[in-house]
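# A closer look at the structure
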Amino acid sequence: MALRFVKMHGIGNDYIYISGFDQPIPDDPSALAVRIADRHFGVGGDGLILVLPPEPGSEADAVMRMFNADGSEGGMCGNGIRCVAKFLYDSGYVRAPRIRVKTKGAGVLSLDLEIDPASDRVRRVRVEMGAPILRASAIPTTLPGDPPLDYPIAVTYDGKTITYRGTAVSMGNPHLVMFVEDVASIDLERIGPLLERHEAFPDRVNVHVAQVDAPDVARMRTWERGSGITLACGTGACAVLVAGVLTGRTARAARIHLPGGALDLEWPRDGETVIMTGPAVTVFEGVWDESRV
Ligand SMILES: N[C@H](CCC[C@H](N)C(=O)O)C(=O)O
């Protein structure tokens, strides 16, 4: 089956986007994600995102489904949803400056487009990411607290045990945020996979280390559930801001620097939406045809 795709990224967090608006979608997107996201044997990316037409009568303009490079399905993707909005506008499926996209984990989210007047293409997107989910059982985690704040969490490797302090938050997908002195000094390749599968997280977890440089400036690095090290994680950046506010480390608005670029985050009020603003970029288009060997 020949599938048209678009390769896009949000500050280096790259996915392959396949539209179901104008072509049939394979029955097993998980298996497709594993093959197409492979960086040596496929197109290459942190995973696969399907952009699907809304169900009849739905308030949403489109439905998004995201699959990690290992084929597991995630509930949300912050960098991905900005690219979904750009895809919908630039390709003409939704010609409106405000778009609503249905996600699996965070419901229907509203996105405001910043459109370049010269090219009539989307450059940046502001997303109302929804309120953070703070109840431990809903994150889900067995760590105590709603949410668990700076809770000790130990990992053992090479015969040594290191205890970090982690805050757990869900943005429609689970995150563990650990504030450290120096993000560059953390061996994320080693601790990431151990924490991703830590017994306190029954659905596994996205793992982040963050460093606060000023109340409104932080930097972070990410190990993603199902994809490993990535250059950025939008929902993770929201989780870092929420964890920073709840533990008194950051202001309610901050610029967060990730290896692939920066995002602007704001959480105006407890119990309300987090707002994320950042770029969305199209890299190339192609046709994936596994019958053509
Ligand atoms: N990179 C994404 C998050 C992917 C999360 C995924 N790895 C999961 O299993 O939850 C973002 O920008 O928000």
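Because the structure is predicted, anything quoted here is derived from the model rather than measured.

Mapped onto the present numbering, the UniProt feature "binding site: substrate" (unreviewed entry) falls on Asn 13, Asn 68, Gly 78, Asn 79, Asn 173, Asn 206, Glu 224, Arg 225, Gly 234 and Thr 235. Of note, Gly 78 is situated in helix 2 (residues 78-90). Here Gly 78 falls in the buried class, since 28 other C-beta atoms lie within 10 Å of it. Not counting residues up to four positions away in its chain, the partners in contact with Gly 78 are Val 127, Met 129, Cys 233, Gly 234, Thr 235, Ala 237, Cys 238 and Met 276. Structurally, the position occupied by Glu 224 is in strand 13 (residues 217-224). C-beta crowding within 10 Å serves as the criterion here: with 29 such atoms nearby, Glu 224 is assigned to the buried category. What Glu 224 contacts, discounting residues up to four positions off in sequence, is Asn 68, Asn 206, Thr 230 and Cys 233.

Attention now goes to the site of the ligand. Neighbouring residues of the ligand: 18 residues in total, closest Gly 74, Gly 78, Asn 173, Gly 234 and Thr 235. Mapped onto the shell around the ligand, the elements with two or more residues apiece are helix 2 and helix 4 (234-246). Residues belonging to the shell around the ligand are distributed by class as follows: two nonpolar, 14 polar and two charged. Among the domains, domain 1 (2-129 + 279-289) and domain 2 (136-272) are the pair contributing at least three residues each to the shell around the ligand.

Another aspect to go through is the domain arrangement of the chain. Along its sequence, the chain is organised into domain 1 (2-129 + 279-289) and domain 2 (136-272). Distance from the C-alpha centre of domain 1 to the C-alpha centre of domain 2: 24 Å. Here the residues of the side of domain 1 that touches domain 2 are counted per class, giving six nonpolar, 12 polar and two charged.

Negative phi values dominate among residues other than glycine, just as trans dominates among peptide bonds. In this structure, the amide linkage connecting Ile 139 to the following residue, Pro 140, adopts the cis form with an omega of -10°. In this chain, Asp 146 is followed by Pro 147 through a cis amide linkage whose omega measures 5°. One can find Pro 147 in the loop between strand 8 (121-128) and strand 9 (151-157). The residue Ile 11 is not glycine, and still its phi comes out positive at about 40°. Of note, the phi angle at Asp 158 is positive, near 50°, even though the residue is not glycine. Along the polypeptide, Asp 158 turns up in the loop between strand 9 and strand 10 (160-170). Overall, Asp 158 belongs to the exposed group, with 5 C-beta atoms counted inside 10 Å.

Another point: the environment of Gly 271. Locating Gly 271 in the fold gives a position in the loop between strand 16 (261-266) and strand 17 (275-279). On the basis of neighbour counts, which here come to 8 C-beta atoms within 10 Å, the residue Gly 271 falls in the exposed class.

In globular proteins that are soluble, nonpolar side chains generally tend to be buried together. If you look at the biggest cluster of nonpolar residues, it comprises 82 residues, and the most contacted ones within it are Tyr 17, Leu 48, Val 84, Ala 85, Ala 237 and Leu 241. Each residue touching Leu 241, except ones within four places of it in the same chain, is listed here: Thr 250, Ala 254, Ile 256, Leu 265, Trp 267 and Val 274.

Between its first and last C-alpha, helix 2 extends 19 Å over 13 residues, near the 18 Å set by a 1.5 Å rise per residue. Turning to helix 2, its buried residues number three or more, namely Gly 78, Asn 79, Gly 80, Ile 81, Arg 82, Cys 83, Val 84, Ala 85, Lys 86, Phe 87, Leu 88 and Tyr 89.

Burial runs high along strand 3 (residues 47-52): five of the six residues are buried. For strand 2 (residues 13-19) and strand 3, the ladder comprises four bridges, and the chain directions are parallel. Bridging from a neighbouring strand, Ser 19 pairs with Val 51 of strand 3. Inspection of the sheet shows strand 3 paired to strand 4 (residues 62-68) by six bridges, in the antiparallel sense. Note on strand 4: the bridge partner recorded for Leu 50 is Arg 65.

Before going further, it helps to examine the confidence of the model for the chain. When pLDDT is averaged along the chain, the result is 98, and 100% of the positions lie at 70 or above. Scored as a complex, the prediction yields pTM 0.98 and ipTM 0.99.

This next bit is on the pairing of strand 13. In terms of residue burial, strand 13 counts as a mostly covered element, since six of its eight residues are buried. Relative to strand 13, strand 12 (residues 206-214) runs antiparallel, the two sharing seven bridges. Within strand 13, the position partnered with Val 212 by the bridge is Ala 218. In sequence, strand 12 turns back onto strand 13 through a hairpin of two residues. Two strands pair when backbone bridges link them, and strand 13 and strand 15 (residues 253-258) are joined in this way by three bridges, in the parallel orientation. Paired with Ala 218 across the strands is Ile 256, a residue of strand 15. The sheet contact formed by strand 13 and strand 14 (residues 228-230) spans three bridges and is antiparallel.

What counts as what
- Residues numbered from 1 in each chain as written.
- Predicted model: local features only at pLDDT ≥ 70, side-chain atom pairs only at ≥ 80, totals over all residues.
- UniProt positions renumbered as here; feature names shortened; annotations may be inferred.
- Helix = DSSP H or I, 4+ residues; strand = E, 2+ residues; numbered from the N terminus.
- Buried ≥ 20, exposed ≤ 12 C-beta atoms within 10 Å, placed from the backbone.
- Contact = placed C-beta atoms within 7 Å.
- Near = placed C-beta within 6 Å.
- Nonpolar A, V, L, I, M, F, W, Y, C, P; charged D, E, K, R; others polar.
- Domains from an automatic or database assignment.
- Core = buried A, V, L, I, M, F, W, Y, C linked by C-beta atoms within 7 Å.
- Expected span 1.5 Å × (residues − 1).
- Pairing = 2+ DSSP bridges.
- pLDDT = per-residue confidence, 0-100.

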